[in-house]
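# Remarks on the overall topology
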Amino acid sequence: MSSSAIPYSTIRMEGASVAEFSWDIRSPLDRALVAGPYGAQGKAGVSLTEIHNFDLAQVMARRGKAGEMIAAAKARFSAAAPETPRAVSAADATLIWSGPDQFLVLSKGGKHSIEALAAGFAGSASLSDQSHARALISVSGDKARAMLAKLSSIDLHPSVFAVGAAAATSMDHTSVTLWRGKDRDGQAVFNLLVFATFAESLWHTILDSAAEYGVTIGHSDELA
Amino acid sequence: MRITCPFCGERELGEFTYLGDAKPQRPAADAGEDAVYDYVYLRDNIAGVMSEHWYHGGGCRAWLKVTRNTLTHEISAVEAAAGAGAAKVGA
Ligand SMILES: [Zn+2]
């Protein structure tokens, strides 16, 4: 019998058997995302960038503790946490509204990991680590709005959806957190957080929607 | 049909799930079998203005109380259901 056929419950936690399991951290889009051009030839109208290696924590106020949670966020980030659908840029984190009395903390490098946040929010909020539970896709380009309009009923016109606007919404029947980041090279940047297990499905839908405009696909470790 | 979520704003119907009548109140523990039966099983089939629970599952995941005319689909009020977010139930 090969070692891989040993039932999990019989594996002892010491000795060599544990080492035979390999837990690779990889993106839920690892298989689907192919960097480079896609769709129509010529100048790409849509740019898709998957952001890797981020820390994402869900912060959710306990019963009757929303005020204390906001105060704890202020102490931690020196910024007012969002109480309406918007994304707030703090010095080294983005706080994104995700529902009433809750928000997401997006950051890098472990500074605001769930372990780092725990003490500050003790008693006021429940925290849940979402770092490996979501994929983060950044959408920009001349045709970004036209492409997103096929998937979303949110009005993304600049006069309505300005920098810092956010929405908890659905695209192609998939729940997403959508927000507009800082402009890059004079162009709007739309960020999408999608549940890991739905990411590949939504990715294919995004590619189908974007193909006619020409797409450039890449990775980044930088938060948009 | 669109519902204006008090947290998210106006959204398409596809983001919401219907639960049903928002009127029934859980009877007291000693209310008796008939009251519990009524609460669990019996519903009015209202042709007109009705108070309903809807779930914004495709958005902010809050429960809402929607006042809707079942004949015209006209929505006259939307509010957060008791206990939405960190609010105390009944607060
Ligand atoms: Zn909502």
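This report concerns the structure included in the present document. (Residues numbered from 1 in each chain as written. Chains lettered and ligands numbered in written order. Predicted model: local features only at pLDDT ≥ 70, side-chain atom pairs only at ≥ 80, totals over all residues. Heavy atoms only, no water.)

In this section: the overall build of chain B. Helices and strands together make up the secondary structure of chain B, namely 1 helix and 6 strands. Secondary structure of chain B in N-to-C order comes out as β-β-β-α-β-β-β. Each principal axis of the C-alpha distribution contributes one length, and for chain B these read about 40 × 35 × 20 Å. A burial count over chain B gives 30% of its 91 residues as buried. For chain B, the proportion of contacts with a sequence separation of at least 24, taken over those separated by at least 6, is 44%. In the structure as shown, chain B presents an accessible area of about 5700 Å², 49% of it carried by carbon and sulfur atoms. The average position of the 9 basic charges and that of the 12 acidic charges among the side chains of chain B differ by 8 Å. (Helix = DSSP H or I, 4+ residues; strand = E, 2+ residues; numbered from the N terminus. Buried < 20%, exposed > 50% of the residue type's maximum accessible area, 1.4 Å probe, protein only. Contact = heavy atoms within 4.5 Å. Areas by Shrake-Rupley, 256 points an atom, 1.4 Å probe, with all protein chains shown as cover. Lys, Arg positive; Asp, Glu negative; His and termini not counted. Charge placed at Lys NZ, Arg CZ, Asp CG, Glu CD.)

Helices and strands together make up the secondary structure of chain A, namely 4 helices and 12 strands. By principal-axis analysis of the C-alpha atoms, chain A measures approximately 60 × 50 × 30 Å. When each of the 224 residues of chain A is scored for burial, the buried share is 47%. Considering only contacts in chain A between residues 6 or more positions apart, those separated by 24 or more positions represent 66%. Looking at chain A as shown, the accessible area adds up to about 11200 Å², and 53% of this sits on carbon and sulfur atoms.

Moving on, we get to the coordination of the zinc ion. Residues and elements named next belong to chain B. Looking at the zinc ion, the protein donor atoms are Cys5 (SG), Cys8 (SG), His56 (ND1) and Cys60 (SG), and they sit 2.0 to 2.5 Å from it. We note that the donor set of the zinc ion lies within a single chain, spaced as C-x2-C-x47-H-x3-C. Pair check on accessibility: histidine 56 and cysteine 60 agree, each one buried. (Donors = N, O, S within 2.8 Å, 3.2 Å for Na, K, Ca; no water.)

Before going further, it helps to spend a moment on the side chain of glutamine 58 of chain A. Residue position: glutamine 58 of chain A is located in strand E3 (residues 55–61). Engagement of the side chain of glutamine 58 of chain A in a polar contact is seen with the side chain of serine 98 of chain A, the distance being 3.0 Å. Those residues in contact with glutamine 58 of chain A, other than ones at most four positions away along the chain, are Ser98, Gln102, Phe103, Leu104, Ser126, Leu127, Ser128, Gln130 and Arg134 of chain A together with Arg61 of chain B. (Polar contact = N/O pair within 3.5 Å; in protein donor to acceptor, adjacent residues only side chain to side chain.)

To continue, consider the interface of chain A and chain B. Across the contact, 21 residues belong to chain A and 17 residues belong to chain B. Of the roughly 1300 Å² buried where chain A meets chain B, counting both sides, 46% is carbon and sulfur surface. The largest per-residue losses of area from chain A upon contact with chain B belong to Arg63, Pro100 and Ala168 of chain A, which jointly make up 38% of the total buried on that side. Across the contact surface, chain A and chain B share 0 salt bridges. Here chain A is connected to chain B by 11 residue pairs in polar contact (both at pLDDT 80 or more). (Buried area = accessible area lost by both parts, 1.4 Å probe. Salt bridge = Lys/Arg side-chain N within 4 Å of Asp/Glu carboxyl O.)

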